[in-house]
Amino acid sequence: EDDGESDSEGGGDSSEDEVDQPADASTSATLPPSEYICPITLMLMEDPVCTVDGQCYERIAIERWLRTHATSPLTGAPLESKALIPNIVMRKLCTAFAERLEAAAT
C-alpha cells in the first residue's frame, strides 16, 4: 500500500512540477541562456566572435585576453591561431533576446 501511495504522490509531484515550470520559464525568460553570456565578462554578448577552438566570447574581451595570452581562457589549451570569426547567428540571438527583454520592461 505504501508503494501505491508513493506512486500517487510521485504523480502529484510531477503535476506540481508541471505547474512550477511555467513560473520557472517566466523567471528564466529574464535571464539570458548561458550560451549568450561571454565566459570572460559574464555579460550578454553584443559582438560575439569565435576563437579557432570554437568557443565564443565578446570581441573586446577576447581581444584583450589574446594580447597577452595564446591560450583559451576557458580550457587553457594553446590556440593554433589568434584569428577571431564573427558569430553572426549568435549576435542575432543575443540582440533579439535583449530586444525582448527591453520590450517586456516597458
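The structure this text deals with has already been given above.
Residues numbered from 1 in each chain as written. Predicted model: local features only at pLDDT ≥ 70, side-chain atom pairs only at ≥ 80, totals over all residues. Heavy atoms only, no water.

## A closer look at the pattern of salt bridges
Defined as follows: The rule for a salt bridge is simple: a side-chain nitrogen of Lys or Arg has to be within 4 Å of a carboxyl oxygen of Asp or Glu. For helices the rule is a DSSP run of H or I covering at least 4 residues; for strands it is a run of E covering at least 2, with both sets numbered from the N terminus onward. Three exposure classes are used, based on accessible area relative to the maximum for each residue type with a 1.4 Å probe and protein chains only: buried under 20%, partly exposed in between, and exposed over 50%.
The full count for this structure, using the stated rule, is three salt bridges. As a salt-bridge pair, D47 and R91 come within 3.6 Å of each other at their nearest N and O atoms. Of the two residues, D47 is situated in the loop between helix 1 (2–28) and strand 1 (48–50) and R91 in helix 3 (residues 88–105); the sequence distance between them amounts to 44 residues. Residue class for D47 comes out partly exposed when judged on its relative accessible area of 23%. In this structure, R59 engages E63 in a salt bridge whose closest nitrogen and oxygen atoms are separated by 3.9 Å. Separated by four residues within a single helix, R59 and E63 lie in helix 2 (residues 59–68), roughly one turn from each other. What you see here is one network of salt bridges that share partners, running through D47, R59, E63 and R91.

## Re the packing of aromatic side chains
Selection rule: Pairing of aromatic rings covers Phe, Tyr and the six-membered ring of Trp, with a centre-to-centre limit of 6.5 Å; geometry is then stacked below 30 degrees between planes, edge-to-face above 60, and tilted otherwise.
Per the counting criterion, the structure on display carries one aromatic pair. With 6.1 Å between their ring centres and 80° between their planes, Y36 and F97 make a pair best called edge-to-face. With Y36 in the loop between helix 1 and strand 1 and F97 in helix 3, the pair connects residues that are 61 residues apart, well separated along the chain. The same class applies to Y36 and to F97, which are both buried.

## Structural notes on unusual backbone geometry
In terms of backbone geometry, most residues other than glycine have negative phi values and most peptide bonds are trans. You will see that L42, though not glycine, has its phi angle at about 60°, which is positive. As for its placement among the helices and strands, L42 is situated in the loop between helix 1 and strand 1. The class for L42 is exposed, based on a relative accessible area of 62%.

## Points about helix 3
Using the following cut-off: Helix span, expected: 1.5 Å multiplied by one less than the number of residues in the helix. What the arc measures is the spread of directions leading from the helix axis to the C-beta atoms. Contact between two residues is taken to exist if any of their heavy atoms lie within 4.5 Å; hydrogens are not considered.
Compared with an ideal rise of 1.5 Å per residue, which puts 18 residues at 26 Å, helix 3 spans 26 Å between its outermost C-alpha atoms and is within 8% of the ideal. Taken together, the buried positions of helix 3 are occupied by M90, C94 and F97. Taken end-on, helix 3 shows its buried residues confined to a sector of 60°, consistent with a single buried face. What points out from helix 3, more than 90 degrees from its buried face, is the exposed set V89, K92, E99, R100 and E102. Buried residues along helix 3 sit in contact with strand 1.

## So, the sheet that holds strand 2 (residues 56–58)
Counted only if it meets this: One bridge is not enough; two strands pair if DSSP finds at least two bridges between them. Under this scheme, a helix contributes an axis fitted over its contacting stretch, all axes are lines through C-alpha atoms, and angles between N-to-C directions fall in the 0 to 180 degree range.
The strand order across the open sheet formed by three strands is 2-1-3, and the pairing between neighbours is antiparallel. Each edge of the sheet is formed by a strand with only one pairing partner; in this case those strands are strand 2 and strand 3 (85–86). Pairing between strand 1 and strand 2: three bridges, direction antiparallel. Looking across to strand 2, one finds that P48 is bridged to E58. Here helix 2 sits on the sheet and contacts strand 1, strand 2 and strand 3; the angle it forms with strand 2, its principal contact strand, is near 100°.

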